[in-house]
Amino acid sequence: MTTAAESKTVLITGASSGIGEATARRLAGAGHRVFLGARRTERLAALCEELRAAGATVDHRELDVTSLDSVRAFAAAAVEEYGGIDVLVNNAGVMPLSPIEDLRIAEWEQMIDVNLRGVLHGIAAVLPEMRRRAGGHIVNVSSVSGHRVDPTAAVYSATKFAVAAVSEGLRQESRDIRVTVVSPGFTQSELTHHGGSPEAQGAARAAAERLAIPASAIADAIAFAVDQPANVDVNELVVRPTAQG
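Calculation criteria
Residues numbered from 1 in each chain as written. Predicted model: local features only at pLDDT ≥ 70, side-chain atom pairs only at ≥ 80, totals over all residues. Heavy atoms only, no water. Helix = DSSP H or I, 4+ residues; strand = E, 2+ residues; numbered from the N terminus. Buried < 20%, exposed > 50% of the residue type's maximum accessible area, 1.4 Å probe, protein only. Pairing = 2+ DSSP bridges. Right-handed = clockwise from strand over helix to strand, strands pointing away. Phe/Tyr/Trp six-rings, centres within 6.5 Å; stacked < 30°, edge-to-face > 60°.

Trainee: Just to check I follow, could you spell out unusual backbone geometry for this structure?
Mentor: Working note: non-glycine residues mostly have negative phi, and peptide bonds are mostly trans. In this structure, Leu103 takes a positive phi of about 55° despite not being glycine. Examined against the element boundaries, Leu103 turns out to sit in the loop between β4 (87-90) and α4 (105-133). Here Leu103 falls in the exposed class, since its relative accessible area comes to 54%. Even without glycine at this site, Ala134 takes up a positive phi of about 55°.

Trainee: Would you mind showing me how to read the pairing of β4 here?
Mentor: Consecutive side chains along a regular strand alternate between the two faces of the sheet. Residue alternation in β4 divides its side chains into two sets, Val87 and Val89 and Leu88 and Asn90, and both sets are buried. As defined by bridge partners, strand β1 (residues 9-13) adjoins β4 across three bridges and the pair is classed as parallel. Counterpart to Val10 in the pairing with β4 is Val87. Where β4 meets strand β5 (residues 136-141), four bridges bridge the pair, whose relative direction is parallel. Opposite Val89, over in β5, you have Val139 as the bridge partner. A crossover connection joins β4 to the parallel β5 through α4; in handedness this β-α-β unit is right-handed.

Trainee: Just to check I follow, could you spell out the packing of aromatic side chains for this structure?
Mentor: To describe a pair of aromatic rings, one takes the distance between the centres and the angle between the planes. In the structure shown here, the tally under the stated rule is two aromatic pairs. Plain terms: the ring middles of Phe35 and Phe74 are 5.3 Å apart, the flat faces sit at 35° to each other, and that makes the pair tilted. You can see Phe35 sitting in strand β2 (residues 33-38) and its partner Phe74 sitting in helix α3 (residues 68-82), a full 39 residues away along the chain. Considered together, Phe35 and Phe74 belong to a single accessibility category, that of buried residues. On the numbers, 6.1 Å between centres and 90° between planes, the contact of Phe35 with Tyr82 is edge-to-face. Highlighted residues: Phe35 in strand β2 and Tyr82 in helix α3, separated in sequence by 47 residues.

Trainee: Would you mind showing me how to read the pairing of β1 here?
Mentor: Burial of β1 is extensive: five of the five residues sit out of reach of the surface. Alternating positions in β1 separate into two faces, Thr9, Leu11 and Thr13 on one and Val10 and Ile12 on the other, with burial throughout. Taken together, the five bridges between β1 and β2 define a ladder with parallel strand orientation. Bridging across to β2, Val10 finds its partner in Val34. On the question of chirality, the crossover connecting β1 to the parallel β2 by way of helix α1 (residues 18-29) is right-handed.

What follows is the structure, encoded as structure tokens:
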């Protein structure tokens, strides 16, 4: 449990389920102030009510990471509520898998908009405040697909490789802001439940059912990076199921 002096204000995107929800629970339980964003506000409201009942300091706001205005309003609301931003967890993501030859172009664009543009919007929304305060931490949730490319995951992998490139560039440009990339392997989430080709998504769901680790394992990795001293920057964490090839 962090002390009041160690407590940080943490913004989490995509916080209504999966890794985002687990990270909210983990960091709120550790005594951090958490500010949650997602499109499904009814889930956020229920999560906030539960966490507050356990003594956490938590609030939420509707968030669409594909809209820069929405992300800036989200960050501004956190500053108004808590007085500043210490950490951003860029977690929102989509993964509609399909072979390239299916030409599911709208889903390609959705992955670029959420997985890459959403990360850039998050950085753009918090970086001026962090620069002003000469400190902060940006955690970008990537994927093992940002390290390897598999059939049906080419576009998804492309967005995650791009997240790694943006993160490394920001890290090299920064001397007082920490940058962490967390790359999960098969993890229990809703990523395989939306869009994509039925065959590809079905195969991914079957693999996840056999192998997936709980989202709390990724939340623990994020918490480890967040709780390091200001002069320690954990740049990259890859967290896979032991049985994943």
